[in-house]
Amino acid sequence: MEKTLSIIKPDAVAKNVVGKILNRFEEAGLKISATKKIRLSKIDAKKFYEVHKDRPFFNDLVDFMVSGPVVVTVLEGENAVSKNRELMGETDPKEAKPGTIRADFADSIDANAVHGSDSYENAKTEINFFFATKEIF
Ligand code: IDP
Ligand code: MG
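Note that the coordinates shown come from a computational prediction; the quantities given were computed from them, not determined experimentally.

Basis of the calculations
Per chain, the residues get numbers from 1 upward, laid out in the order the sequence is written. Here the convention is simple: chains get letters from A, ligands get numbers from 1, in the order in which they are written. Local features in this predicted model are restricted to residues whose pLDDT is 70 or higher, and side-chain atom pairs enter the listing and the counts only when it is 80 or higher, whereas totals over whole chains, interfaces and linings include all residues. As a convention, hydrogens and water are excluded, and side-chain values are obtained from all of the structure's heavy atoms. Labels follow the DSSP assignment, with helices taken as runs of H or I lasting at least four residues and strands as runs of E lasting at least two, numbered in each case from the N terminus. Values of the radius of gyration come from C-alpha atoms, whereas the globule rule sets the reference at 2.2 Å times the count of residues to the power 0.38. Residues are treated as being in contact if the distance between any of their heavy atoms lies within 4.5 Å. Counting rule applied: Lys, Arg positive; Asp, Glu negative; His and chain ends not counted. For this purpose, a charge sits on NZ of Lys, CZ of Arg, CG of Asp or CD of Glu. Note on pairing: two strands pair once DSSP finds at least 2 bridges between them. To get an axis, a line is fitted to the C-alpha atoms, and for a helix only the part in contact is used. The angle between two axes follows their N-to-C directions and goes from 0 to 180 degrees. Put simply, a nonpolar core is a bunch of buried Ala, Val, Leu, Ile, Met, Phe, Trp, Tyr and Cys residues held in one set by side-chain atoms that sit within 4.5 Å of each other. Each residue's exposure class comes from its accessible area (1.4 Å probe, protein chains only) as a fraction of the maximum for that residue type: buried when under 20%, exposed when over 50%, partly exposed otherwise. Salt bridges are defined as contacts in which a side-chain nitrogen from Lys or Arg sits within 4 Å of a carboxyl oxygen from Asp or Glu. Residues are counted as near a molecule or strand when any one of their heavy atoms sits within 4 Å of it. For this analysis, a polar contact is any N or O atom pair within 3.5 Å, provided that within protein one partner can donate a hydrogen and the other can accept it, and provided that sequence-adjacent residues contribute only side-chain to side-chain pairs. Surface accessibility follows the Shrake-Rupley procedure with a 1.4 Å probe radius. Residue values consider only the protein chains on display as shielding. Here the nonpolar group is Ala, Val, Leu, Ile, Met, Phe, Trp, Tyr, Cys and Pro; Asp, Glu, Lys and Arg are the charged ones; every other residue, Gly included, is treated as polar.

Draft legend 1. Seen up close, the overall build of the protein chain. Assigned secondary structure in the protein chain consists of 7 helices and 4 strands. Counting from the amino terminus, the protein chain carries its helices and strands in the arrangement β-α-α-β-α-α-β-α-α-β-α. Against the compact-globule benchmark of 14 Å for 137 residues, the protein chain has a radius of gyration of 14 Å, which places it among compact chains. Principal axes of the C-alpha set define a box for the protein chain whose edges measure 35 × 35 × 25 Å. Contacts in the protein chain between residues far apart in sequence, at least 24 positions, make up 76% of those at least 6 positions apart. Where the 21 positive side-chain charges of the protein chain centre and where its 22 negative ones centre are 4 Å apart.

Draft legend 2. Fine view of the sheet that holds strand β1 (residues 2–8). As summarised here, the arrangement of the 4 strands in space is β2-β3-β1-β4, forming an open sheet in which the pairing is antiparallel. Since the sheet does not close on itself, it has two edges, and those belong to β2 (31–38) and β4 (114–116), each with one partner. With direction set aside, neighbouring strand axes in the sheet form an average angle of 20°. Here β1 runs beside strand β3 (residues 70–77); their pairing, made up of 7 bridges, is antiparallel. By the bridge assignment for β3, Ile7 is matched with Val72.

Draft legend 3. Representation of the environment of Glu76. Summarising the element assignment, Glu76 is placed in strand β3. Sequence-wise, Glu76 and Ala34 are 42 residues apart; in three dimensions their C-alpha atoms are separated by 9.4 Å. Once residues lying within four places of it in the same chain are set aside, the contact partners of Glu76 are Met1, Glu2, Lys3, Gly29, Leu30, Lys31 and Ser33.

Draft legend 4. Region of interest: the nonpolar core. Within the largest apolar cluster, 20 residues are counted, with the highest numbers of intra-cluster contacts made by Leu5, Ile7, Leu40, Met65, Phe130 and Phe131. For this core, the secondary structure elements donating two or more residues are β1, α3 (42–48), α4 (58–65), β3 and α7 (120–130). The biggest single contributor to this core is α4, with 5 residues. When residues no more than four places from it in sequence are discounted, the contact partners of Phe130 are Leu5, Ile7, Lys36, Ile38, Leu40, Phe48, Val72 and Glu135.

Draft legend 5. Here's a closer look at the pattern of salt bridges. Going through the model one piece at a time under the given rule, you end up with 6 salt bridges. In this structure, Lys36 engages Glu135 in a salt bridge whose closest nitrogen and oxygen atoms are separated by 3.7 Å. Residue Lys36 is located in strand β2, and its partner Glu135 is located in the segment after α7; the two are separated by 99 residues in the primary sequence. A salt bridge links Asp63 to Lys42, with the shortest nitrogen-to-oxygen separation between them at 3.1 Å. Of this pair, Asp63 sits in helix α4 while Lys42 sits in helix α3, placing them 21 residues apart in sequence.

Draft legend 6. Highlighting the site of ligand 1. As a matter of local geometry, ligand 1 sits amid Lys9, His52, Phe57, Leu61, Arg85, Thr91, Arg102, Ile109, Asp110 and Asn112. Between an oxygen atom of ligand 1 and a side-chain N or O atom of His52, the distance comes to 3.0 Å. Within the complex, the protein chains bury 79% of what would otherwise be the 530 Å² of accessible surface of ligand 1. Tallied by class, residues from the shell around ligand 1 come to 3 nonpolar, 3 polar and 4 charged.

Written out as structure tokens, the structure reads:
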């Protein structure tokens, strides 16, 4: 069984669609191993998105991620990393397939509703960033 990290971003939390998004994971056969609502500090957000630090959108991305609470979730299941990425849809909601989370809940490439780990290795790092071992089931 593989694990991955999902973040429901501030735009989707503000729209009150946390339950709808978590339901999509469960309907797809992924289990919620851990979940919590938190507000990231600027230091957290910069560290989490460090790989993007030289990209032109980095500062806007960090400001957006600290603009309100987020819901971080560990998902578990067969091929959880790629399954979650499929459920999310493309980064730009305009390009996301109909029925994906971003197509249905995101407004723009900046406010795009969800984050999902992009590899098995990154998933491990991202899960450890937010959760202690005893919090994951
Ligand atoms: P991903 O979230 O689909 O994995 P990444 O390329 O890892 O996409 O980018 C991380 C986040 O940075 C995106 O989810 C989006 O919020 C933001 N982002 C990516 N590309 C752009 C862009 O061209 N303009 C504005 N924001 C962007
Ligand atoms: Mg990414």
